[in-house]
Amino acid sequence: MKINNNVILITGGATGIGFALARAMCENNRVIICGRRENKLIEAKKSLPKINIKKCDITSKTERKELLDYILNNFGGLDILINNAGVQKPINFALGNNEFIDNDFEIDINFKAQIYMTSIFMPLLLKSNNPSIINVSSGLAFVPLSNFPIYCATKAALHSFSISLRHQLRNTNIKVFEIMPPYIYDTELKDGKINLEKPPFGMSSEEFAKIVINSLTNDKYEIGPGGTNDLSNVIKEDFYKKFDMMNK
Ligand SMILES: NC(=O)c1ccc[n+]([C@@H]2O[C@H](COP(=O)([O-])OP(=O)(O)OC[C@H]3O[C@@H](n4cnc5c(N)ncnc54)[C@H](OP(=O)(O)O)[C@@H]3O)[C@@H](O)[C@H]2O)c1
């Protein structure tokens, strides 16, 4: 895909991986980032004056519609939708504590909202000359980490959805990519605390963004550096043969 002269929306683009992608693409594209916390969006705009910011909670139907109207009114369309926003919560069912259901529920943010975003922006993408949908899943879609049981399940669901969407859109111009990050240490995902020191494994959001941009440019549809592609390949070897048989 071509990564210049596009209108690009990055959900959750004020921090972490989304911000690193915004930084890598904002010189040659018109980039809009959204998120719930206005202070984070303003901070992001201070460090990248070329980006455009719009407060939006992607789980809210009203706010999604406001975001769509903002993009239509200010940019006239959308070429690339990056479904990046996500949350991760440790949940231990053995404690019999179901409080998580009242909080930022991962199913709503990590899975349902991605589908609603895809659906509401589809008419604009279908009109674009260089359209793409880029879903951010995780290596944990393939091998769950049991501390985060709902998170891992939402990412596995997003992986499955991405495969079906790619297949359904195969006769349109829309390319469907899936980014499957390994551990990226300098983001707010874990407890909102950014770790700036490189751990023994994983990579920085800046290193990761470089690999992602290079892979997108080369139309690599499943982007999983740092071992993630190996995890998914273990499961996939037989999968695509069966998938192709079932989805002629
Ligand atoms: N870091 C890793 O190791 C890793 C590994 C695999 C996959 N991932 C995935 O990568 C994506 C980005 O995560 P990250 O690591 O960069 O963490 P991050 O820094 O916490 O970024 C997540 C962003 O999502 C936004 N967000 C959360 N809920 C939202 C909502 N309802 N509406 C709009 N925006 C929302 C957050 O902003 P607000 O709170 O202001 O809304 C935040 O800016 C996530 O999907 C994550 O699951 C990360």
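Before reading on, note that the structure itself is shown above.
What counts as what
- Residues numbered from 1 in each chain as written.
- Predicted model: local features only at pLDDT ≥ 70, side-chain atom pairs only at ≥ 80, totals over all residues.
- Helix = DSSP H or I, 4+ residues; strand = E, 2+ residues; numbered from the N terminus.
- Buried ≥ 20, exposed ≤ 12 C-beta atoms within 10 Å, placed from the backbone.
- Contact = placed C-beta atoms within 7 Å.
- Near = placed C-beta within 6 Å.
- Nonpolar A, V, L, I, M, F, W, Y, C, P; charged D, E, K, R; others polar.
- Pairing = 2+ DSSP bridges.
- Right-handed = clockwise from strand over helix to strand, strands pointing away.
- Core = buried A, V, L, I, M, F, W, Y, C linked by C-beta atoms within 7 Å.
- Axes fitted to C-alpha atoms, helices over the stretch in contact; angles between N-to-C directions.
- Parallel < 35°, antiparallel > 145°, perpendicular 65-115°, else oblique.
- Left-handed = near helix turned anticlockwise from the far one by under 90°.

**Details of the overall build of the protein**
Next up, step 1: Each helix and strand in the protein was counted, giving seven helices and seven strands.
Next up, step 2: Along the protein, from the amino end to the carboxyl end, the secondary structure elements read β-α-β-α-β-α-β-α-β-α-β-α-β-α.
Next up, step 3: The buried share of the protein, reckoned over its 248 residues, is 39%.
Next up, step 4: Contacts in the protein between residues far apart in sequence, at least 24 positions, make up 63% of those at least 6 positions apart.

**With respect to the site of the ligand**
Next up, step 1: Neighbouring the ligand are 30 residues, the closest being Gly 12, Gly 16, Arg 36, Gly 86 and Thr 187.
Next up, step 2: Among the elements of the structure, α1 (16-25) and β2 (30-35) are those that each provide at least two residues to the shell around the ligand.
Next up, step 3: Looking at side-chain class alone, the shell around the ligand contains 13 nonpolar, 12 polar and five charged residues.

**Focus on unusual backbone geometry**
Next up, step 1: Positive phi outside glycine occurs at Asn 5, with the angle close to 60°.
Next up, step 2: Secondary-structure assignment places Asn 5 in the segment before β1 (7-11).
Next up, step 3: If you check the backbone angles, Asp 219 has positive phi at about 50° while not being a glycine.
Next up, step 4: As for its placement among the helices and strands, Asp 219 is situated in the loop between α6 (205-217) and β7 (222-223).
Next up, step 5: When the 10 C-beta atoms within 10 Å are taken as the criterion, Asp 219 is described as exposed.

**Remarks on the pairing of β2**
Next up, step 1: Of all six residues in β2, five are buried, a share of seventy percent or more.
Next up, step 2: Pairing of β1 with β2, which is carried by five bridges, proceeds in the parallel orientation. Across the sheet, the residue bridging to Val 7 is Arg 30, located in β2.
Next up, step 3: Crossover connection from β1 via α1 to parallel β2: handedness right-handed.
Next up, step 4: One ladder, built from four bridges, connects β2 with strand β3 (residues 52-55); its direction is parallel. The residue of β3 that forms the bridge with Ile 33 is Ile 53.

**Some words on α1**
Next up, step 1: Of all 10 residues making up α1, eight are buried, and the element is well covered by its neighbours.
Next up, step 2: Here α1 has its buried residues at Gly 16, Ile 17, Gly 18, Phe 19, Ala 20, Leu 21, Ala 22 and Met 25.
Next up, step 3: Tucked into the core, α1 has its buried residues touching β1, β2, α2 (38-47), β4 (80-83), β5 (132-136) and α6.

**Topic: the nonpolar core**
Next up, step 1: In this structure, Leu 21, Ala 22, Val 31, Ile 33 and Leu 81 are the most contacted members of the largest nonpolar core, which totals 58 residues.
Next up, step 2: What Leu 21 contacts, discounting residues up to four positions off in sequence, is Ile 10, Ile 82, Ala 209 and Val 212.

**Some remarks on the sheet that holds β5**
Next up, step 1: Pairing within the open sheet is parallel, and its seven strands lie in the order β3-β2-β1-β4-β5-β6-β7. In this open sheet, the two strands that pair with only one neighbour each are β3 and β7.
Next up, step 2: Bridging between β1 and β4 involves three bridges; their strand directions are parallel. Within the sheet, the bridge partner assigned to Leu 9 lies in β4 and is Leu 81.
Next up, step 3: In the packing of helix α4 (residues 106-127) onto the sheet, the strands contacted are β1, β4 and β5, and the crossing angle to β4 comes to about 175°.

**Quick look at the packing of α1 against α6**
Next up, step 1: One way to put it is that α1 packs onto α6 with a least axis distance of 9 Å and a crossing angle of 55°. Between α1 and α6, the crossing angle belongs to the class labelled oblique. The interaxial crossing formed by α1 with α6 has right-handed handedness. Contacts between α1 and α6 pair Gly 16, Ile 17, Ala 20, Leu 21 and Ala 24 from the former with Ser 205, Glu 206, Phe 208, Ala 209, Lys 210, Val 212 and Ile 213 from the latter.
Next up, step 2: Of the residues contributing to the contact of α1 with α6, the split by class is eight nonpolar, two polar and two charged.

**Thoughts on the environment of Asn 84**
Next up, step 1: Of note, Asn 84 is situated in the loop between β4 and α4.
Next up, step 2: Take Asn 84: there are 25 C-beta atoms within 10 Å of it, and that puts it in the buried class.
Next up, step 3: In the structure, Asn 84 is positioned 87 residues away from Asn 171 in sequence and 25 Å away in space, judged by C-alpha atoms.
Next up, step 4: Not counting the four nearest positions on each side in its chain, Asn 84 is found in contact with Ile 10, Thr 11, Gly 12, Gly 13, Ile 17, Gly 18 and Val 136.

All quantities given are derived from atomic positions and should not be read as evidence of function.
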